[in-house]
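Single-letter residue listing:
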Amino acid sequence: MKFVSFLQNNQAKFGISDGKNITDLTGKIRGANSLKELITNKLIQEAKEFSKKNPGNINLDEIEYLPVIPNPGKIVCVGLNYSCLLYTSPSPRDRQKSR
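Rules used throughout
Residues numbered from 1 in each chain as written. Predicted model: local features only at pLDDT ≥ 70, side-chain atom pairs only at ≥ 80, totals over all residues. Heavy atoms only, no water. Pairing = 2+ DSSP bridges. Helix = DSSP H or I, 4+ residues; strand = E, 2+ residues; numbered from the N terminus. Salt bridge = Lys/Arg side-chain N within 4 Å of Asp/Glu carboxyl O. Buried < 20%, exposed > 50% of the residue type's maximum accessible area, 1.4 Å probe, protein only. Patch = residues over 30% accessible without salt bridge, like charges linked within 9 Å, V, L, I, M, F, W, Y side chains within 5 Å. Areas by Shrake-Rupley, 256 points an atom, 1.4 Å probe, with all protein chains shown as cover. Polar contact = N/O pair within 3.5 Å; in protein donor to acceptor, adjacent residues only side chain to side chain. Contact = heavy atoms within 4.5 Å.

**Q** Just to check I follow, could you spell out the pairing of strand 1 (residues 2-8) for this structure?
**A** Side-chain positions along a regular strand alternate between the two faces of the sheet. Of the strand pairs in this sheet, strand 1 and strand 2 (residues 11-17) are connected by seven bridges, and their pairing is antiparallel. Its bridge partner being in strand 2, Val4 is matched across the sheet by Gly15. Linking strand 1 back to strand 2 in an antiparallel pair, the connection comprises two residues, with Asn9 at a positive phi of about 55 degrees. As defined by bridge partners, strand 1 adjoins strand 5 (residues 64-66) across three bridges and the pair is classed as antiparallel. Note on strand 5: the bridge partner recorded for Leu7 is Glu64.

**Q** Before we go on, may I ask you to explain the pattern of salt bridges in this structure?
**A** A side chain of one charge can pair with a side chain of the opposite charge if their charged atoms are brought near each other. Scanning the model with the defined rule gives two salt bridges in all. One salt bridge connects Lys13 with Asp24, and the closest N-O pair in it is separated by 3.7 Å. Taken together, the positions of Lys13 in strand 2 and Asp24 in strand 3 (residues 21-24) put the pair 11 residues apart, joining distant regions of the chain. For the pair Lys13 and Asp24, one class covers both residues: buried. Between Glu46 and Arg30 there is a salt bridge whose closest N-O contact spans 2.4 Å. Taken together, the positions of Glu46 in helix 2 (residues 44-53) and Arg30 in the loop between strand 3 and helix 1 (35-40) put the pair 16 residues apart, joining distant regions of the chain. According to the relative accessible area criterion, Glu46 is partly exposed, its value standing at 30%.

**Q** Would you mind showing me how to read a nonpolar patch on the surface here?
**A** On the surface, Val76, Val78 and Leu80 cluster together into a nonpolar patch covering about 370 Å² of accessible area. Among the structural elements, Val76 can be located in the loop between strand 5 and helix 3 (83-88).

**Q** Mind showing me how you'd approach the environment of Asn54 here?
**A** Topologically, Asn54 is positioned in the loop between helix 2 and strand 4 (58-59). In this structure the C-alpha to C-alpha distance between Asn54 and Leu25, which are 29 residues apart in sequence, comes to 9.9 Å.

**Q** I keep staring at the side chain of Ser5 and nothing clicks. Help me out?
**A** You can see Ser5 is positioned in strand 1. Classification of Ser5 by relative accessible area gives buried; the value is 2%. Here Val68 takes part through its backbone oxygen, which lies 2.6 Å from a polar atom of the side chain of Ser5. Leaving out residues up to four positions away in the same chain, Ser5 has contacts with Lys13, Phe14, Leu35, Tyr65, Leu66, Pro67, Val68 and Pro70.

Dropping the structure here:
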């Protein structure tokens, strides 16, 4: 079971995929019209329960996937330098000398 955002007939929708079909959740869980709204309003569990009672009928061939959250508020990236590896790994110059 995976949450997806998709286009169907040029309309942006979201739902839950079981790998074969999608249960359309657009507007069906307390009026949430996007996965972002569903998450913000803490309605994930309700969405899962709805999809269990209402199995999907949208075939994966009928849709075009969108980014899971098409309009994110923030994108956070983390980068780390592993300084301990700098001392254990020979530099490219040292590797060329040993050849």
